[in-house]
Amino acid sequence: MYSEDDMESEIEAAESSSNIDILLKILSECESNHRQGKEGDWDVPTEACLDAFYRILKKGGKSDDKTEQLPASTRVTLFRSLKEWIDEEAIVEVCLGCMGAVGSKREDGFEETTHAEIDANLIVEVMQQYSNESTIQEQACLAIKALVEIDVMKKKLLAVGEIEEELKAVEGRITNERNKKYAVQALEALQRAA
């Protein structure tokens, strides 16, 4: 258990050693503290933790190696954080970025157990809630494109009734012309998976 004051230094230490396990523990603790209404600014360490997680995956350290497994409950923790912080735009954006960065990396025990808690509808909810936020639309598309590569997630995403319609609408919401392709790529990946 980390105090709010200790979290910043713990996040920095975890990032410098590429320790995703510690970051996931801090994320879970922040989500739990916020959900339980414990006093504190839990959004600050949550965002810092997600930023560190994203940088670890993007820099290509040990955890980026496809032969290495992500810690158990990585995706569940990301989806829980997304659900808990759905009204915090900055957290939503970086959380979706983390989902995209995790992509199809193997996760310890994911196929057997932890996926039951993941609600793929949440991504569509975020896309609808932040329909005027181009970057969130882009990150959601990249997350869908990456997650559909995993059998369990493919089934969950294909079961979301509005997902194809939402991806078609997103192309018009993305303002950066170069990035409009993300919506097309996500839709094509989803259709190939069907």
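This one's a predicted model, so the numbers in the text were calculated from it and none came from an experiment.

1. Some details on the overall build of the chain
Then step 1. For the chain, the helix and strand inventory stands at 10 helices and zero strands.
Then step 2. Starting at the N terminus and walking to the C terminus, you meet the elements of the chain as α-α-α-α-α-α-α-α-α-α.
Then step 3. What you see for the chain is a C-alpha radius of gyration of 16 Å, in line with the 16 Å of a compact globule of 194 residues.
Then step 4. Along the first, second and third principal axes, the C-alpha atoms of the chain reach 45 × 35 × 30 Å.
Then step 5. Considering only contacts within the chain whose residues lie at least 6 apart along the sequence, 74% involve residues at least 24 apart.
Then step 6. With an accessible surface of roughly 9,400 Å², the chain has 42% of that area assigned to carbon and sulfur atoms.
Then step 7. Measuring between centres, the 23 positive side-chain charges of the chain sit 8 Å from its 41 negative side-chain charges.

2. A short note on helix α8 (residues 151-158)
Since one α-helical turn is 3.6 residues long, residues separated by three or four positions face the same way.
Then step 1. Buried within α8 we find V152, M153 and L157. All buried residues of α8 fall inside an arc of 125 degrees around its axis, so they share one side.

3. Description of a positive patch on the surface
Then step 1. On the surface, a cluster of positive charge is contributed by K145, R178, K181 and R192.
Then step 2. With respect to the element layout, K145 can be found in helix α7 (residues 134-147).

4. Description of the nonpolar core
Then step 1. By size, the foremost hydrophobic cluster in this structure holds 66 residues, and its most contacted members are F53, L78, L96, M99, I123, L157 and L167.
Then step 2. Dropping the residues within four chain positions of it, L167 is found in contact with M127, C141, I144, A183, A186, L187 and L190.

5. Points about helix α6 (residues 121-129)
Then step 1. Among all positions in α6, only L122, I123, V124, V126 and M127 are buried.
Then step 2. Buried positions along α6 lie against α4 (74-84), α5 (89-102), α7, α8 and α9 (163-173).

6. Some remarks on the side chain of K105
Then step 1. By the element assignment, K105 lies in the loop between α5 and α6.
Then step 2. Residue class for K105 comes out buried when judged on its relative accessible area of 9%.

7. What about the pattern of salt bridges?
Close approach of charged atoms lets side chains of opposite charge pair.
Then step 1. Throughout the structure, instances matching the rule amount to five salt bridges.
Then step 2. Linking R55 and E15 is a salt bridge whose minimum nitrogen-to-oxygen distance equals 2.6 Å. Taken as a pair, R55 in helix α3 (residues 43-59) and E15 in helix α1 (residues 4-16) lie far apart in primary sequence, 40 residues in all.
Then step 3. Judged by its relative accessible area of 41%, R55 falls in the partly exposed class.

8. Brief notes about a negative patch on the surface
Then step 1. A surface patch of negative charge is lined by E4, D5, D6, E39 and D41.
Then step 2. Here D6 is to be found in helix α1.
Then step 3. Take D6: its relative accessible area is 40%, and that puts it in the partly exposed class.

What counts and what doesn't
Residues numbered from 1 in each chain as written. Predicted model: local features only at pLDDT ≥ 70, side-chain atom pairs only at ≥ 80, totals over all residues. Heavy atoms only, no water. Helix = DSSP H or I, 4+ residues; strand = E, 2+ residues; numbered from the N terminus. Rg over C-alpha atoms; globule rule 2.2 N^0.38 Å. Contact = heavy atoms within 4.5 Å. Areas by Shrake-Rupley, 256 points an atom, 1.4 Å probe, with all protein chains shown as cover. Lys, Arg positive; Asp, Glu negative; His and termini not counted. Charge placed at Lys NZ, Arg CZ, Asp CG, Glu CD. Buried < 20%, exposed > 50% of the residue type's maximum accessible area, 1.4 Å probe, protein only. Arc of directions from axis to C-beta. Patch = residues over 30% accessible without salt bridge, like charges linked within 9 Å, V, L, I, M, F, W, Y side chains within 5 Å. Salt bridge = Lys/Arg side-chain N within 4 Å of Asp/Glu carboxyl O. Core = buried A, V, L, I, M, F, W, Y, C linked by side-chain atoms within 4.5 Å.

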